[in-house]
Amino acid sequence: MRSLQLHGDRDLRLEEIEPPPPPAPGEVQIRIKAVGLNYLDLWGFRGMAFAKRKMPQAAGVEAAGEIVCVGEGVTGFAPGDTVTAYGADTCGQCKACREGRDNLCENVAGIMGFHIDGFAREVLNRQARLTIKAPKGVSFEDAACAPIGFGTVQHMLFDNAKLEPGESVLVHAGGSGIGTAAILMAKAIGCTVYTTVGDDEKGAKAKALGADHVINYREDRFEGVVRKLTGRKGVDVVFEHVGADTWNGSLLCLKRGGRLVTCGATSGPSATINLMQLFQQQYRITGSFGCRIENIAQSLEKMAGGMKPVIDSVFPLAEFEKGLARIEGRKVFGKVVIAF
């Protein structure tokens, strides 16, 4: 069967590998139909030093497909079901796993497609407890955006930031995969959405998606615009994933008692903070990593209800690198998906 195998830095090859054996007890076998691309794929492709892995390694950190067959003792799945899967090999036994806080697993074995073999292969076996069935009507391309593209945002906005209907939120990089999802989810509960973009074309698309106020950060200081638009009060929530370049400006955008939630640092991992500003304004800052399995199920339900992921482009399997190049060039608005 075909698989995208990473052999080294920027050395990605479409190769034939051995198919998996029949699923073991507690496992399901999945035929992959679509892979969603993310910055994790790009970082892995570039050979980020903090990813300890054994080459060659199957790429792909999130995907969707259909059930081929199920192993002994598995219930709730049948051949033909559309499914996606949790991308971290959690233990399922530690306190965090038992409480449904999967992304805090104490014994996680790695992230698929980054530390260990990923989803970019035609068929794979996955533990049934880490597999999530999509409701009827959800496409493979959409379901492939659920584990990271939607699940991350669900966890950030609702588990961590506790976003409430009618509040205001600043979404950074509104043209990114998680940025577009954040706009959709916030608008769905009646929030006022401010978003940053890198050009006017993306700004028009973000506006069409539902953003109330769009700021081209190449032309204006976003913190100044947000403070002006809010009468210097600021927003309730900042959805942060850019990192060093936007960190202090993001804090200036918060109202007193506001909440900042962050899941990324694409512009750099280190920033400074004014501690007096932090405690005087009573900010609440929360780190958010990945999501819980329940967040993926919640995301799939939203998709079934009509909240479709914004898909920028779909590439065939053999053009996986073109998809990565599109992300690397920051040309995307929404998600890039690879179709098998």
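Refer to the preceding data block for the structure.
Keep in mind it's a predicted model, so treat the numbers as computed, not measured.

Describing the overall build of the protein chain
Item 1. Of the regular secondary structure elements, the protein chain holds eleven helices and 16 strands.
Item 2. Here the C-alpha atoms of the protein chain give a radius of gyration of 20 Å, agreeing with the 20 Å that 2.2 N^0.38 yields for 340 residues.
Item 3. Reported as C-alpha extents along the three principal axes, the dimensions of the protein chain are approximately 60 × 40 × 35 Å.
Item 4. Considering the protein chain as a whole, with its 340 residues, one finds that 52% of them fall into the buried category.
Item 5. In the protein chain, 70% of the contacts between residues at least 6 apart in sequence involve partners at least 24 apart.
Item 6. Per element, the accessible surface of the protein chain, about 14900 Å² overall, is 51% carbon and sulfur.

Examining the sheet that holds strand 1 (residues 2-8)
Item 1. With antiparallel pairing, three strands are arranged side by side in an open sheet as 2-1-4. What marks the edges here is a single partner per strand, and that holds for strand 2 (11-16) and strand 4 (57-58).
Item 2. One ladder, built from two bridges, connects strand 1 with strand 4; its direction is antiparallel. Bridging across to strand 4, Leu 6 finds its partner in Gln 57.

Here we look at the pattern of salt bridges
Item 1. Inspection of the entire model under this criterion finds 20 salt bridges.
Item 2. When the shortest N-O distance is used, the salt bridge between Arg 221 and Glu 223 registers 2.7 Å.
Item 3. Relative accessible area serves as the criterion here: at 63%, Arg 221 is assigned to the exposed category.

What to know about empty space enclosed by the protein
Item 1. Across all of its chains, the model carries three cavities of 30 Å³ or more by this definition.
Item 2. Leu 6, Leu 12, Asp 41, Gly 44, Phe 45, Arg 53, Ala 59, Gly 60, Gly 113, Phe 320 and Leu 324 together form the lining of the largest cavity.
Item 3. Among the elements that make up the lining of the largest cavity, the one with the highest residue count is helix 1 (residues 39-46) (three residues).
Item 4. The residue inventory of the lining of the largest cavity, partitioned by class, reads six nonpolar, three polar and two charged.

As for the sheet that holds strand 14 (residues 284-287)
Strands belonging to one sheet form pairs held by backbone hydrogen bonds; the direction of such a pair is parallel or antiparallel.
Item 1. If you walk across this open sheet you meet the six strands as 11-10-9-12-13-14, and the pairing is parallel. Whereas interior strands pair on both sides, the edge strands pair on one side only; in this sheet they are strand 11 (213-216) and strand 14. Pairs of neighbouring strands in the sheet enclose a mean axial angle of 15°, with direction left out of account.
Item 2. Pairing geometry for strand 10 (residues 192-197) and strand 11, over four bridges, is parallel. Residue pairing for strand 11: Thr 195 is matched across the bridge by Val 214.
Item 3. On the sheet, helix 4 (residues 146-160) packs against strand 12 (235-240), strand 13 (254-262) and strand 14 and is oriented at approximately 150° with respect to strand 12.
Item 4. Sheet strands touched by helix 7 (residues 222-229): strand 9 (168-171), strand 10, strand 11 and strand 12. Its angle to strand 11, the strand with the most contacts, is close to 155°.

Some words on the side chain of His 241
Item 1. Positionally, His 241 belongs in the loop between strand 12 and helix 8 (247-252).
Item 2. Given a relative accessible area of 8%, His 241 falls into the buried group.
Item 3. Here the side chain of His 241 touches His 172 through a polar contact of 2.7 Å, landing on its backbone oxygen.
Item 4. With residues near it in sequence (within four places) discarded, His 241 still touches His 172, Ala 173, Ser 176, Ile 178, Thr 262, Cys 263, Gly 264, Ala 265 and Thr 266.

Focus on the packing of helix 4 against helix 5 (residues 177-188)
Item 1. Direction vectors running N to C along helix 4 and helix 5 enclose 55°, while the axes themselves pass 9 Å from each other. When the axes of helix 4 and helix 5 are compared, the pair comes out oblique. Pair helix 4 / helix 5 crosses with right-handed handedness. Contacts between helix 4 and helix 5 involve Ile 148, Gly 149, Phe 150, Thr 152, Val 153, Gln 154, Leu 157 and Phe 158 from the former and Gly 177, Ile 178, Ala 181, Ala 182, Leu 184 and Met 185 from the latter.
Item 2. Split into classes, the residues belonging to the contact of helix 4 with helix 5 amount to ten nonpolar, four polar and no charged.

What counts, and at which threshold
- Residues numbered from 1 in each chain as written.
- Predicted model: local features only at pLDDT ≥ 70, side-chain atom pairs only at ≥ 80, totals over all residues.
- Heavy atoms only, no water.
- Helix = DSSP H or I, 4+ residues; strand = E, 2+ residues; numbered from the N terminus.
- Rg over C-alpha atoms; globule rule 2.2 N^0.38 Å.
- Buried < 20%, exposed > 50% of the residue type's maximum accessible area, 1.4 Å probe, protein only.
- Contact = heavy atoms within 4.5 Å.
- Areas by Shrake-Rupley, 256 points an atom, 1.4 Å probe, with all protein chains shown as cover.
- Pairing = 2+ DSSP bridges.
- Salt bridge = Lys/Arg side-chain N within 4 Å of Asp/Glu carboxyl O.
- 1 Å grid on protein atoms, 1.4 Å probe; cavity = no way out; pocket = protein on both sides within 12 Å on 5 of 7 lines; lining within 4 Å.
- Points joined across faces, edges and corners; volume = space filled by probe spheres on them.
- Nonpolar A, V, L, I, M, F, W, Y, C, P; charged D, E, K, R; others polar.
- Axes fitted to C-alpha atoms, helices over the stretch in contact; angles between N-to-C directions.
- Polar contact = N/O pair within 3.5 Å; in protein donor to acceptor, adjacent residues only side chain to side chain.
- Parallel < 35°, antiparallel > 145°, perpendicular 65-115°, else oblique.
- Left-handed = near helix turned anticlockwise from the far one by under 90°.

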